[in-house]
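Listed here are the chains, written in short residue letters.
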Amino acid sequence: MEPDRWAEERRRGMTIDLGYAWTTLPSGEVLGFVDVPGHSRFIGNMLAGLGPAPAVLVVVAANEGWRRQSAEHLAAVDALGLTSGLLAVTRCDLADPAPAMAEALEQIAGSSLGDVDAVAVSGATGAGIDDLRGALDRLVAQQPVPDVAAPVRLWVDRAFTVRGSGTVVTGTLAAGTLRAGDELVLRDRTVRVRGLQSLATAYDEVRAVARVAVNLRGVERDEGGRGRPRPDHRAARCDP
Ligand SMILES: Nc1nc2c(ncn2[C@@H]2O[C@H](COP(=O)(O)OP(=O)(O)OP(=O)(O)O)[C@@H](O)[C@H]2O)c(=O)[nH]1
Ligand SMILES: [Mg+2]
């Protein structure tokens, strides 16, 4: 799966906007990823993806080591108080991953993530990918049981229009349960869930933790985008 969705990202060889991918782990658990940009110019996009994430996969290249953007991202993780993470050192086909891993583990240990598991991988040769999948399974197993009865609060990270269906907003459902037909509060008005998807599959009901795409009835795309509602408004939510 390629999380860089925009032509400009492919052309410039860098992530600008949030990207989405998922995999089925050896345990059978399905894990969704929100890929965030590294460049500081796109830090707002990075924060929109990171905010509701229950766990973080920190990625450092073996041949580049710990960089300023690594420190910026870790500072954001720390500010958000995220406590669950994993380190992957990539490009282990290009350089010995040990120095980058040692440096990154030291930096991460000083953050809210504390001591994390680490794996060396190569996207080019596939080395270490099975180890990474195993480590991701352990990370998932350590997650607290989500409160699926909690009120829904969905921070929207993308809004788009689907021809024939209208506006769809996406986000990470950190707690609660969303159902088709639910009423949500979007800014200062009530909207209704027309349909639901998680990781490109339609469901009548989606329980946290999950990536969700919510088709909203009677909502213009501009009303539901990232950064809306503003902090002084209520988030889209429903009380089950
Ligand atoms: N040889 C080798 N190249 C890799 C590996 N992983 C990624 N690359 C290459 O490194 C370059 C950058 O990879 P990206 O996945 O775009 O890196 P990124 O961290 O997402 O970059 P930004 O989103 O711009 O911060 C690409 O050309 C990849 O093909 C690896 O394990 N080995
Ligand atoms: Mg990227």
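As the structure is a prediction and not an experimental result, all values here were calculated from the model. (Residues numbered from 1 in each chain as written. Chains lettered and ligands numbered in written order. Predicted model: local features only at pLDDT ≥ 70, side-chain atom pairs only at ≥ 80, totals over all residues. Heavy atoms only, no water.)

Caption draft 1: Focus on the site of ligand 1. Close to ligand 1 lie Met14, Thr15, Gly38, Gln69, Arg91, Asp93, Leu94, Ser122, Gly123 and Ala124, which account for all nearby residues. Here an oxygen atom of ligand 1 and a side-chain polar atom of Thr15 are 2.7 Å apart. In the model, an oxygen atom of ligand 1 is placed 2.8 Å from a nitrogen or oxygen of the Arg91 side chain. When the free accessible area of ligand 1 is taken as 650 Å², the share hidden by the protein chains comes to 53%. (Near = heavy atom within 4 Å. Polar contact = N/O pair within 3.5 Å; in protein donor to acceptor, adjacent residues only side chain to side chain. Areas by Shrake-Rupley, 256 points an atom, 1.4 Å probe, with all protein chains shown as cover.)

Caption draft 2: Summary view of the packing of helix H2 (residues 43–50) against helix H3 (residues 68–80). Taken N-terminus to C-terminus, the directions of H2 and H3 make an angle of 40°; their axes are 11 Å apart at the nearest point. Judged by the inter-axis angle, H2 sits oblique to H3. With respect to the hand of their crossing, H2 and H3 are arranged in right-handed fashion. Contact residues: Met46, Leu47 and Leu50 in H2; His73, Ala76, Val77 and Leu80 in H3. Here the contact of H2 with H3 is built from residues that sort into six nonpolar, one polar and no charged. (Axes fitted to C-alpha atoms, helices over the stretch in contact; angles between N-to-C directions. Helix = DSSP H or I, 4+ residues; strand = E, 2+ residues; numbered from the N terminus. Parallel < 35°, antiparallel > 145°, perpendicular 65-115°, else oblique. Left-handed = near helix turned anticlockwise from the far one by under 90°. Contact = heavy atoms within 4.5 Å. Nonpolar A, V, L, I, M, F, W, Y, C, P; charged D, E, K, R; others polar.)

Caption draft 3: Here's a closer look at the sheet that holds strand E5 (residues 117–120). Here we have three strands laid out as an open sheet, ordered E3-E4-E5, and parallel in their pairing. The open sheet has two edge strands with one neighbour each: strand E3 (56–61) and E5. When the angles between neighbouring strand axes are averaged without regard to direction, this sheet yields 20°. Bridge analysis of E3 against strand E4 (residues 85–90) gives six bridges, and the strand direction is parallel. What sits directly across from Val59, in E4, is Ala88. (Pairing = 2+ DSSP bridges.)

Caption draft 4: Examining helix H4 (residues 98–109) more closely. Here H4 contains twelve residues, and its C-alpha end-to-end distance of 16 Å stays within 8% of the 16 Å for a straight helix at 1.5 Å per residue. Every buried residue belonging to H4 is among Ala100, Met101, Ala104 and Ile108, and all of these are buried. For H4, the buried positions fall inside an angular range of 95° around the axis, keeping them on one side. When the buried face of H4 is taken as reference, the exposed residues oriented beyond 90 degrees from it are Pro99 and Glu106. Each element contacted by the buried residues of H4 is listed here: E3, H3, E4 and E5. (Expected span 1.5 Å × (residues − 1). Buried < 20%, exposed > 50% of the residue type's maximum accessible area, 1.4 Å probe, protein only. Arc of directions from axis to C-beta.)

Caption draft 5: Geometry of unusual backbone geometry. Val209 follows Ala208 through a cis peptide bond whose omega is 0°. Along the chain, Val209 turns up in the loop between strand E13 (205–207) and strand E14 (210–217). A positive phi angle, near 60°, is found at Arg91, a position not held by glycine. Relative to the assigned elements, Arg91 resides in the loop between E4 and H4.

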